[in-house]
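# Structural overview
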Amino acid sequence: VGQKIKKGEWIGEIGDYKSLIFFVTFSVCMALGSNFVTQRVCPDAVGGGLPEIRTILSGTIKPILLSGRLIFAKIVGFCLARGAGLSVGVEGPHIHISCAIADKLMHLSMFERVGMNYGKRLELIACAAAAGVSATFGSSFGGLLFSVEITCTAYMVRNLPRAFLTATFSAVTLYLMGLSKQVLLFETPDFMPECDLTYQDIFLFIAIGVFCGLVGALFIAIVQIFVTTRNTLLDKSLSKDLVAQRRYYIVALGTLIVAALMYTENAIGFVDSNPQQLNVSNFGSFMFEKEDYGLTLSSLVIFFLFKAIVTSISVTLPLPVGLFTPVFLVGGILGRIIGAVVCA
């Protein structure tokens, strides 16, 4: 920070106005590219996709939600949104993409008889949902349980072994490809705390649950305000051309705000030991270690507010984005803050 720019260096150093312009411009262009691909190829690819999968597994299948166009738009649009530096999750898009790929496979001649059976078709889509969660977190048990929790209003028990087998193969494939550490939600810490609970500990956990629930309700209320504003600006009663233009404006403005905040975090470093943007992968180990690693109470509070604001803006943009992973990180930071207060 504050270093002079060498002659001919057009990007600049962190903290310089040239690097700020480059960072923000790059982020906005990536986000606009995501919006362009999504709207041109498959507008239904917007969002995480979990409500759509829940609807499909409840028995109402909309072909466009399982089409090849959606797979392409979801993959490319999501990659561009992540490249823009938005604080978005991968779980919803992974589940939706997995289910769409599974449905496309059932259209092949070798699986045609299975695809023609409506009940079997839904069962295989449910298995694909478990594989999508497992591909996100690298956990077969987590993939199975989480897919049951978030994708179904009713779940057939006989499908559990099939879904578990599918999720297991998904996790094993990641391991064989050497990608398991990249998708693990948390690494196992060297230090494991004692499990002897006292009444004070139980009361503290109850208080944390209540407090986090209230914070979560506040976060939902803020997101709802952003969503209502976005839907008002993109009212279907308006002309398609005007709505399309407003989509670009919303994406550009939202990404501009997020990019400016992200650059500030990169330049200043809210957490002393890691001045770059934190995500679940590299922050998970910090949350369960005895050492503070420079995670002071003040820096954690600032980063908590920063991450909550950035996430609330990012997930409401009309792009193929998920929600869960950044919310896990926000909750983990809040837990670390409470732990720091209690142990102070």
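So, here is what we can say about the structure in this document. Computed from a predicted structure; not experimentally measured.

### Quick word on a nonpolar patch on the surface
Taken together, the side chains of Ile-101, Leu-105, Leu-108, Met-110, Phe-111, Val-114 and Leu-124 define a hydrophobic patch exposed on the protein surface, amounting to about 590 Å² of accessible area. With respect to the helices, strands and loops of the structure, Leu-105 is situated in helix H4 (residues 91-105). With a relative accessible area of 42%, Leu-105 lands in the partly exposed category.

### Notes on the pattern of salt bridges
Taken as a whole and assessed by the stated rule, the structure comprises 5 salt bridges. Where Arg-158 meets Glu-123, a salt bridge forms, and the shortest distance between an N and an O atom there is 2.7 Å. Of this pair, Arg-158 sits in the loop between helix H7 (140-151) and helix H8 (160-176) while Glu-123 sits in helix H6 (residues 118-137), and the two are 35 residues apart along the sequence. The partly exposed category is assigned to Arg-158, whose relative accessible area is 48%. Relative accessible area serves as the criterion here: at 7%, Glu-123 is assigned to the buried category. Ionic pairing is found between Glu-123 and Arg-162, a salt bridge with its closest N-O pair at 2.5 Å. Taken as a pair, Glu-123 in helix H6 and Arg-162 in helix H8 lie far apart in primary sequence, 39 residues in all. When its relative accessible area of 33% is taken as the criterion, Arg-162 is described as partly exposed. Each of the salt bridges in this network shares a partner with another, and the network as a whole consists of Lys-120, Glu-123, Arg-158 and Arg-162.

About the cut-offs
Residues numbered from 1 in each chain as written. Predicted model: local features only at pLDDT ≥ 70, side-chain atom pairs only at ≥ 80, totals over all residues. Heavy atoms only, no water. Patch = residues over 30% accessible without salt bridge, like charges linked within 9 Å, V, L, I, M, F, W, Y side chains within 5 Å. Areas by Shrake-Rupley, 256 points an atom, 1.4 Å probe, with all protein chains shown as cover. Salt bridge = Lys/Arg side-chain N within 4 Å of Asp/Glu carboxyl O. Helix = DSSP H or I, 4+ residues; strand = E, 2+ residues; numbered from the N terminus. Buried < 20%, exposed > 50% of the residue type's maximum accessible area, 1.4 Å probe, protein only.

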